[in-house]
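Tertiary structure, described
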Amino acid sequence: MKNETKEKKEEDGFEKIIKECEEKRDEYLKGWQRERADYSNYKKDEIKKIEEERLRIKINFLKNLLPIYDSLNEAKKITGNEEVLNQLENFLKDWGARKIKTIGEKFDPEIHEALETIESDKESGTIIEEMQGGWKIDKYLIRPARVKIAK
Amino acid sequence: MSKILGIDLGTTNSAMAVVEAGQPRIIENKEGNRTTPSIVAVSKNNERLVGQTAKRQAVTNHQNTVFSAKRLIGRKFLDPEVQRDKKWLPYEIREGKNGGVEIKIMDKWYSPQEISAMILQKLKIDAEDRLGEKITEAIITVPAYFDDAQRQATKDAGEIAGFKIKRIINEPTAAALAYGLNKKKTEKIVVYDFGGGTFDVSVLEIGDDTIEVKATGGDTHLGGDDLDQRIIEYLADEFKKDQGINLAKDNLAMQRLKEAAEKAKHELSALLETEINIPFITQAADGPRHFTLKMTRAKLEDLTRDFITRSIELLKKTIEEAKFKISEINEVVLVGGQTRMPLIQEEVKKLIGKEPHKDINPDEVVALGAAAQAGIMQGDVRDVLLLDVTPLSLGIETLGGVMTRLIEKNTTIPTAKNQIFSTAADNQTSVEIHVLQGEREMAHDNKTLGRFILDGVPPSPRGLPQIEVSFDIDANGILNVGALDKATNKKQSIRIEASSGLSKEDIEKMKKDAEIHAEEDKKKKEFSEIKNAADALIYTVEKTLSENKDKIKEEDKKEIEEKLNVAKKAKDGTDIEEIKKATQELSLAVQKIGASLYNKKESA
């Protein structure tokens, strides 16, 4: 009788240990799965971030190039030489840059920057004059167009 | 657990950050910018605009464009500060209920907290969009001098925006947190915050688990914008002197001048001189005019020195008010974009006598600190599973006594890396794997962790055998290094228990040594590499000569042998240029026979 109780106790003890081990195993497995999932998500995030970074570099590059375009545009007005300007315009197009529409459009602060308001017979908020061209790439803004709008 | 957003709600710009994987990170807004102008507007067709878009229409709609709402939040209308600001703010304000301030936009009156809420709401939406999850909780920072009413109003703004505000913390405290200074004991810290429109000095003392504000000072109307204005005025004056044209009336020209001034200011933080170049800035009667001007850092400092001097005086005064001696200050933290200016960094250092903390982007440090506070409150879940890093690089010795790293320092463990190596001599039948730890370029300057020999490599020409060396560090930092001959599958390995048995001081010393010797180590390594290249060429040439004995013309052979001897002699010497020269000549000589051998084959 005594022996049996002892055995029973030992068995209980083992069961307890096994149960603990199982719990630990589950905990570790869960932790491991979570880590793997975190890692896989992290990788996906990184890919997204790299793509965003690429776009940002592209936008920045084009943004820094635009003042040169502006100058060539001004120079053309004097010399009448269009070749270089056209070359650069094609380059910008190849890179996906598109000019933002201005004159006659309704002012939109998402893509336009107002520098002046002037008296006009046009409806208030209509763009009357473009002072500096604006550019977009897909839905992303490179530089807003600087404009004069009707009062 | 959902994330808590850390928000730096600034007077001119705001920024936000969250903790991800234990690290605070700035969240960009919808437009892709890391900071958002603290500007709110309602357009003529009743559209609410916040941030950059509000800024873009400000000129045409200035009565309905509200900026600097932070200057009004939680203040009484009769507060002297409010009365002072009322004079220059372009929008209309009046006394509201309870004596507070109300702001008019399109015939409607708003409290400053409602305006701030619009900014916070934009940040919330943009953050949710970026992170792809709902954000409901936030920590917002305020200047250390904000009183209870201003703090409460800021909290209200957060709640109007739909946040549950976990805490309002001081901006200087957030900056100190971003640098981890809260972990230090009983330190006295000065935070010098030169923002766009305000200048704040805070003196903090770190106690047990608390950061106490001992004194605050500064000037609510001194900032980077003042410096910009000074530069613009200078540029416009120079143009007028030079060309006799006043640009002030030309809006586009002034805008371009402003951009050029900001750009020059930024560039002069890194360079001693910059060129400002604005072609076709304006049209004169006789044709277009261009703006070009060289500006030096010294000129910039001359133009703005009075602002900097004033800020340093205020810094001194605030430390005195905290009843501390300057010598008692342990740390200085720089906040605000303007602190990138070298003159500011020098002057602060000169006064305090300590190198200021400036490594974290000063425009972002407060938001990052707010997120760090959120991280502390949430308790990082990952703390349960502590991941260690290897403090120093691990690698093996390769040809010429160079250390080739397999695992770079700061790699998170457990980790494993392997790389294929080969033999350095013909018929070499054993390779010694010399396991090293450290950052120096040459093997003997690093610590030897162990060595072993893999033998039984079948005799073959050098470079042919493939020996795969593998490094594996387990979670306990125990390093296993193995070498496997791919041809015979013979293996040998070593287990190194004490790969991280170095004390913190040892590790720091080894890292420092590497920095000190970086230049000379690089030279040594380069020397070794050039010597290795010479050795390889000599080997190839000798082999070609012996294999093609009959096909080479006698005079060619003689020339090559001569060059070969010169190269061999040079290789054993110490003159790097001589080795380079000898190798190049040998290479040219051998190319000749290479071509003639090829020709023979063709004709055969």
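About the cut-offs
- Residues numbered from 1 in each chain as written.
- Chains lettered and ligands numbered in written order.
- Predicted model: local features only at pLDDT ≥ 70, side-chain atom pairs only at ≥ 80, totals over all residues.
- Helix = DSSP H or I, 4+ residues; strand = E, 2+ residues; numbered from the N terminus.
- Buried ≥ 20, exposed ≤ 12 C-beta atoms within 10 Å, placed from the backbone.
- Contact = placed C-beta atoms within 7 Å.
- Rg over C-alpha atoms; globule rule 2.2 N^0.38 Å.
- Axes fitted to C-alpha atoms, helices over the stretch in contact; angles between N-to-C directions.
- Left-handed = near helix turned anticlockwise from the far one by under 90°.
- Nonpolar A, V, L, I, M, F, W, Y, C, P; charged D, E, K, R; others polar.
- Core = buried A, V, L, I, M, F, W, Y, C linked by C-beta atoms within 7 Å.
- Domains from an automatic or database assignment.
- Pairing = 2+ DSSP bridges.

1. Describing the overall build of chain B
Scanning chain B for helices and strands turns up 14 helices and 26 strands. Counting over 604 residues, chain B shows a buried share of 38%. Within chain B, residue pairs in contact and separated by at least 24 positions form 64% of the contacts whose partners lie at least 6 positions apart.

2. Brief notes about the overall build of chain A
Looking only at helices and strands, one finds 2 helices and 6 strands in chain A. Scanning chain A from its N terminus toward the C terminus, one meets helices and strands in the order α-α-β-β-β-β-β-β. What you see for chain A is a C-alpha radius of gyration of 33 Å, clearly larger than the 15 Å of a compact globule of 151 residues, by over 25%. Considering only C-alpha atoms, chain A reaches an extent of 115 × 40 × 15 Å along its principal axes. In chain A, the share of contacts with a sequence separation of at least 24, taken over all contacts with a separation of at least 6, comes to 59%.

3. Considering the packing of helix α6 (residues 224–243) of chain B against helix α7 (residues 251–267) of chain B
Residues and elements named next belong to chain B. Put simply, α6 and α7 touch, their axes get as near as 9 Å, and they point 115° apart. The handedness of the crossing between α6 and α7 is right-handed. Packed against α6, whose contacting residues are Leu 227, Asp 228, Ile 231, Ile 232, Leu 235 and Ala 236, the element α7 presents Leu 257, Lys 258, Ala 260, Ala 261, Glu 262, Ala 264 and Lys 265 at the interface. Taken together, the residues of the contact of α6 with α7 sort by class into 9 nonpolar, no polar and 4 charged.

4. Overview of the environment of Lys557(B)
Residue and element names in this part refer to chain B. Relative to the assigned elements, Lys 557 resides in helix α13 (residues 554–572). Given 14 C-beta atoms within 10 Å, Lys 557 falls into the partly exposed group. It is 99 Å that separates the C-alpha atoms of Lys 557 and Arg 94, two residues lying 463 residues apart in sequence. Setting aside residues no more than four positions away along its own chain, Lys 557 makes contact with Leu 545 and Ile 552.

5. Describing the interface of chain B and chain A
The interface of chain B with chain A comprises 15 residues on the first partner and 20 residues on the second. The greatest single-element share of the side of chain B that touches chain A, amounting to 3 residues, is contributed by α7(B). Looking at side-chain class alone, the side of chain B that touches chain A contains 7 nonpolar, 6 polar and 2 charged residues.

6. Observations concerning the environment of Leu204(B)
Residues and elements named next belong to chain B. Position of Leu 204 among the secondary structure elements: in strand β14 (residues 199–206). Separated by 25 residues in sequence, Leu 204 and Tyr 179 have C-alpha atoms that sit 14 Å apart. When neighbours within four sequence positions are excluded, Leu 204 is seen to be in contact with Pro 172, Thr 173, Ala 176, Ile 189, Val 191, Ile 211, Glu 212, Val 213 and Lys 214.

7. Regarding the nonpolar core
All names here are of chain B. Grouped together as the largest cluster of nonpolar side chains are 101 residues, with contacts concentrated most on Ile 7, Tyr 192 and Ala 370. Per-element tally for this core: the top contributor is helix α10 (residues 365–378), with 8 residues. Three or more residues apiece are contributed to this core by two domains, here domain 1 (4–75 + 111–179) and domain 2 (224–264 + 273–300). Setting aside residues up to four positions removed in sequence, Ile 7 forms contacts with Ser 14, Met 16, Leu 120, Leu 123, Ala 138, Ile 139, Ile 140, Thr 141, Ala 367 and Ala 370.

8. Structural notes on the domain arrangement of chain B
Where interface size is given, it is often the accessible area lost as the parts come together that is meant. According to the domain assignment, chain B consists of domain 1 (4–75 + 111–179), domain 2 (224–264 + 273–300), domain 3 (394–516) and domain 4 (524–603). Taking the mean C-alpha position of each, domain 1 of chain B and domain 3 of chain B sit 52 Å from one another.

9. Topic: the sheet that holds strand β21 (residues 415–421) of chain B
All names here are of chain B. Ordered by their spatial adjacency, 4 strands build an open sheet running β21-β24-β25-β26, and the pairing between neighbours is antiparallel. If you trace the sheet from one side to the other, it starts and ends with β21 and β26 (490–496), each paired once. Mean inter-strand twist for the sheet, computed between neighbouring axes without regard to direction, equals 15°. Both strand β24 (residues 467–473) and strand β25 (residues 479–485) contribute to a ladder of 7 bridges, which runs antiparallel. If you follow Val 469 over to β25, its bridge partner there is Ala 483.

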